[in-house]
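# Observations on the model geometry
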Amino acid sequence: MERETIYEGLVRKGVSRRDFLKFCGTTAAVLGLSSSFVPTIAEAMEKKQKPVVVWLEYQDCAGCSESILRASKPAIGKIVLDVISLEYHETIMAAAGHQAEKSLNDAIKNYKGKYLVVVEGAISSKDGGVYCTIGGKSSDYLLKEVCKDAMAVIAVGNCACFGGVPAAKPNPTGAVGVMDVIKDKPVINLPGCPLNVENFTATVVYFLTFGKLPSVDKLKRPLFAYGKLIHDNCERRGHFDTGEFVKAWGDKGHRQGWCLFEMGCKGPFTNHNCPTIRWNEGVSWPIMAGHPCISCSEPKFWDNNLYASAEKNHFYAKVGLGAMAVSGLISRKDKKE
């Protein structure tokens, strides 16, 4: 029996034509495409079948799965599971034990060369990968086995992209990201802690529409989501430029929404589209809520002294004078002197 197209699946779930086109328009906006691409995206969704997805989960907290499942924004998040055909997901599937193993084997056999692999969590590489095993097989072995016949691999969350928290010093399990293990398949990274579901859906829709993964930076992150610094679109940027900084939690500057740079905010050195797509149905995001950016879409963020002030943070010493000049910090100091 032929599988239904994405549009047919959405109609069956009660999504109206108007909401469908709204979804296509929102996706185009997330991808940084003009409105002229909306008909192209809509046509792809109308004619193409849902891509088969095998979701693997290794060393993590399941936060990225939670991010997918808890999403409720009608435009994209709510219908993400209607855009893909999720054949295997250890956390949310009903099967367990040998039955789950059979589901995985059936999926990669029946859809050989036609499925996407989504990986959540870091891969254990130390001591033969014994620190993360499923059914007696190491995460390293399973990842290679499942990715062997995949079309492409999408790593979601900082753990799957760069090792994340499991790779923090002293990294006892030898945790690494997917791109450190898989070298012969297209791999795209969607880091974050957790990932933003809108970036995941947009990546899948782009793949279906154009038949390829979107353009990426040197860390294999799509440029539409990670092409700009958080600092560039931060609503507190004006306070940074005028030298208005929060000095202590709850002080006058904090209450008035001043810049959090001196409270350890790493927005000037972090690439992500958090300020534009936000969280909680687009209502807010950490900096808007008064919390500094902890750089969760960059490698080794957990080792970068998350809440230390700019002057004490070794992270800023690493990025050097060039980055500080770009951020405006040097000119501000010079102005004071």
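Rules behind the numbers
- Within each chain, residue numbers correspond to sequence positions counted from 1 in written order.
- It should be noted that, the model being predicted, local features are given only for residues of pLDDT at least 70 and side-chain atom pairs only at 80 or more, the latter also being counted only at that level, while totals for whole chains, interfaces and linings use all residues.
- Excluding hydrogens and water, the side-chain values take into account all heavy atoms of the structure.
- Any Phe, Tyr or Trp ring, taking Trp's six-membered ring, that has another such ring centre within 6.5 Å forms a pair; planes under 30 degrees apart are called stacked, those over 60 apart edge-to-face, and the others tilted.
- Geometry is summarised by axes, namely lines fitted to C-alpha atoms with helices restricted to the contacting stretch, and by angles between N-to-C directions that run from 0 to 180 degrees.
- Each helix corresponds to a stretch of at least 4 residues labelled H or I by DSSP, and each strand to a stretch of at least 2 residues labelled E; elements are numbered beginning at the N terminus.
- In these notes the angle categories are as follows: under 35 degrees is roughly parallel, over 145 is roughly antiparallel, 65 to 115 is roughly perpendicular, and the rest is oblique.
- A clockwise turn of the near helix away from the far one marks a right-handed crossing, whereas an anticlockwise turn of less than a right angle marks a left-handed crossing.
- In this description, contact between two residues means that some pair of their heavy atoms is separated by no more than 4.5 Å.
- Note that Gly is not counted as nonpolar here; it falls among the polar residues with everything else outside the nonpolar set of Ala, Val, Leu, Ile, Met, Phe, Trp, Tyr, Cys and Pro and the charged set of Asp, Glu, Lys and Arg.
- The term nonpolar core refers to a set of buried residues drawn from Ala, Val, Leu, Ile, Met, Phe, Trp, Tyr and Cys, joined through side-chain atoms within 4.5 Å.
- Only protein chains enter the accessibility calculation, which uses a 1.4 Å probe. A residue is then buried if its area is under 20% of the maximum for its type, exposed if over 50%, and partly exposed in between.
- Take the residue count of a helix, subtract one, and multiply by 1.5 Å to get its expected span.
- Two N or O atoms count as a polar contact when they lie within 3.5 Å, although within protein this holds only if one can serve as hydrogen donor and the other as acceptor, and sequence-adjacent residues are included solely when both atoms are side-chain atoms.
- A pair of strands is labelled paired if DSSP reports no fewer than 2 bridges between them.

With that out of the way, let us pick up the packing of aromatic side chains. With the rule as written, the count across this model stands at nine aromatic pairs. An angle of 80° between the planes, with centres 5.8 Å apart, marks the rings of phenylalanine 301 and tryptophan 302 as edge-to-face. Grouping aromatic residues by their ring pairs yields a cluster made of Phe240, Phe245, Phe261 and Phe269.

This part is about the packing of helix α2 (residues 17-30) against helix α3 (residues 38-47). As a packed pair, α2 and α3 sit with axes 9 Å apart at the nearest point and diverge in direction by 120°. Classed by the angle they form, the pair α2 and α3 counts as oblique. Crossing angle aside, the handedness with which α2 passes α3 is right-handed. Where α2 abuts α3, its residues Arg17, Phe20, Leu21, Phe23, Cys24, Gly25 and Ala28 lie against Val38, Ile41, Ala42, Met45 and Glu46. Grouping the constituent residues of the contact of α2 with α3 by class yields nine nonpolar, one polar and two charged.

The next point concerns the nonpolar core. In terms of nonpolar packing, the biggest core is built from 41 residues, with Cys24, Met45, Ile154, Val156 and Phe200 touching the most fellow members. A per-element tally of this core places helix α9 (residues 197-210) first, with eight residues. Counting residues in each nonpolar core, the second largest holds 32 residues, with Tyr58, Val119, Cys132 and Val181 among its members.

With 14 residues, α9 should reach 20 Å at 1.5 Å per residue; the first-to-last C-alpha distance of 20 Å fits that figure. A distance of 3.0 Å separates the backbone nitrogen of glutamate 198 from a side-chain oxygen at the start of α9, and that oxygen is part of asparagine 196. Just past α9, the residue glycine 211 takes up positive phi, approximately 75°.

Here we come to the sheet that holds strand β7 (residues 152-156). With parallel pairing, the five strands of this open sheet are ordered in space as β2-β1-β3-β7-β9. In this open sheet, the two edge strands, each paired with only one partner strand, are β2 (85-89) and β9 (187-190). Taken over all neighbouring pairs, the strand axes of this sheet differ in orientation by 25° on average, direction set aside. Relative to strand β3 (residues 115-120), strand β1 (residues 52-57) runs parallel, the two sharing six bridges. By the bridge assignment, glutamate 57 is partnered in β3 with glutamate 120. Strands β1, β2 and β3 of the sheet are contacted by helix α6 (residues 97-110), whose axis makes an angle of about 135° with β2.

Where the residue is not glycine, phi is negative for most of them; where a peptide bond is considered, it is trans in most cases. The residue after lysine 169, namely proline 170, is reached through a cis peptide bond having omega 10°. Within the secondary structure, proline 170 is located in the loop between α8 (157-162) and β8 (175-176). Even without glycine at this site, asparagine 171 takes up a positive phi of about 50°. Position of asparagine 171 among the secondary structure elements: in the loop between α8 and β8. Phi angles above zero are rare outside glycine, and serine 295 is one such case at about 65°. Position of serine 295 relative to the elements: it lies in the loop between α14 (274-277) and α15 (314-327). What makes serine 295 buried here is its relative accessible area of 1%.

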